[in-house]
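Each chain is listed here by its residues.
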Amino acid sequence: MKALDICNTLMIFGLISTVASCFETRAQEPNCEGLCPDGWVYFRCSCYLFMDIMKASWTEAEHHCETHKATLVIIETNAENLFVIDFARRLYKTDRRPTNSFWIGATDTVTEGLWTWYTDDSPLNFTGWAPTEPDNKVDQDCVLLGGPYNYLWDDDHCSLTASFICEKGLSYLSGPDLIG
Ligand SMILES: [Ca+2]
Ligand SMILES: [Ca+2]
Ligand SMILES: [Ca+2]
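Report on the accompanying structure. (Residues numbered from 1 in each chain as written. Chains lettered and ligands numbered in written order. Predicted model: local features only at pLDDT ≥ 70, side-chain atom pairs only at ≥ 80, totals over all residues. Heavy atoms only, no water.)

Helix and strand counts for the chain stand at five helices and nine strands. The secondary structure elements of the chain, listed N-terminal to C-terminal, are α-α-β-β-α-β-α-β-β-β-β-β-β-α. Within the chain, buried positions represent 42% of all 180 residues. Residue pairs in contact within the chain that sit at least 24 positions apart in sequence constitute 64% of those at least 6 positions apart. Summed over all atoms, the accessible surface of the chain reaches about 10,100 Å², with 56% contributed by carbon and sulfur. (Helix = DSSP H or I, 4+ residues; strand = E, 2+ residues; numbered from the N terminus. Buried < 20%, exposed > 50% of the residue type's maximum accessible area, 1.4 Å probe, protein only. Contact = heavy atoms within 4.5 Å. Areas by Shrake-Rupley, 256 points an atom, 1.4 Å probe, with all protein chains shown as cover.)

As structure tokens, this is what we get:
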């Protein structure tokens, strides 16, 4: 459907008063596409780096992301989770390497069982746990997108070496409310 058709439809249903106002609203939507560094993938004004070759402990992974002026991925919504796990799955489907697990930025190191995003200690408002996880088996405090779980979430030992995903927002282009 073309933009004009969408705007006409919205007006017919009384959702906007004029077609012109529709175009004004659409013009305000950020367009960050194409602004991620080479090798990073884009989703809703965030850039993601899948470190699928490198393996690191959770802390090393976090430091590595920092050298890229990024953090371990913070997955705030179902849409973002679907994007990330879909990309991870395709990464391994296309070249038939064995599946890797990926560290993400969630941890319960501070208080056992209280899962937070390490960047600001905020509680997880979305989770994508595998059915039997988190199980805290022998004190597991860091979260993986688990290769054996087809990239559903699993808690594991923070010292384990795994692949990881870095994320950085393009919020300076679009305002803080629009980080994906
Ligand atoms: Ca995010
Ligand atoms: Ca734990
Ligand atoms: Ca576990």
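Past the structure itself, the notes keep going.
Distances from the calcium ion (ligand 2) to its protein donors, Asp-108 (OD), Asp-108 (OD), Glu-112 (OE), Glu-112 (OE), Asn-136 (OD1), Gln-140 (O) and Asp-141 (OD), fall within 2.3 to 2.8 Å. Gln-140 sits in the buried class, given a relative accessible area of 7%. (Donors = N, O, S within 2.8 Å, 3.2 Å for Na, K, Ca; no water.)

A word on the state of the cysteines. Enumeration according to the criterion identifies three disulfides in this entry. Covalent S-S linkage joins Cys-36 and Cys-47, the inter-sulfur distance amounting to 2.1 Å. In this structure the cystine formed by Cys-36 and Cys-47 twists about its S-S bond by roughly -90°; its chirality is therefore left-handed. One end of the pair, Cys-36, is in the loop between α2 (19-28) and β1 (41-43); the other, Cys-47, is in strand β2 (residues 46-56), and 11 residues separate them in sequence. (Disulfide = S-S within 2.5 Å.)

Here the amide bond leading from Glu-133 into Pro-134 is cis, since omega sits at -5°, within 30 degrees of zero. Along the chain, the position of Pro-134 falls in the loop between β6 (122-123) and β7 (142-146). Phi is positive for Asn-136, which is not a glycine, with a value near 50°. Of note, Asn-136 is situated in the loop between β6 and β7. Here Tyr-151, not a glycine, exhibits a phi torsion of approximately 75°, which is positive.

Glancing now at the pairing of strand β4 (residues 102-107). Burial analysis of β4 places six of its six residues in the buried class, which makes it a mostly covered element. Burial along β4 is two-sided: the face carrying Phe-102, Ile-104 and Ala-106 and the face carrying Trp-103, Gly-105 and Thr-107 are both buried. Here β4 runs beside strand β9 (residues 162-169); their pairing, made up of two bridges, is parallel. Looking across to β9, one finds that Phe-102 is bridged to Ser-163. As paired strands, β4 and strand β5 (residues 116-117) are joined by two bridges and run antiparallel to one another. Among the inter-strand pairings, Ala-106 is bridged to a residue of β5, identified as Trp-117. (Pairing = 2+ DSSP bridges.)

Any link to function would need more than the numbers given here.
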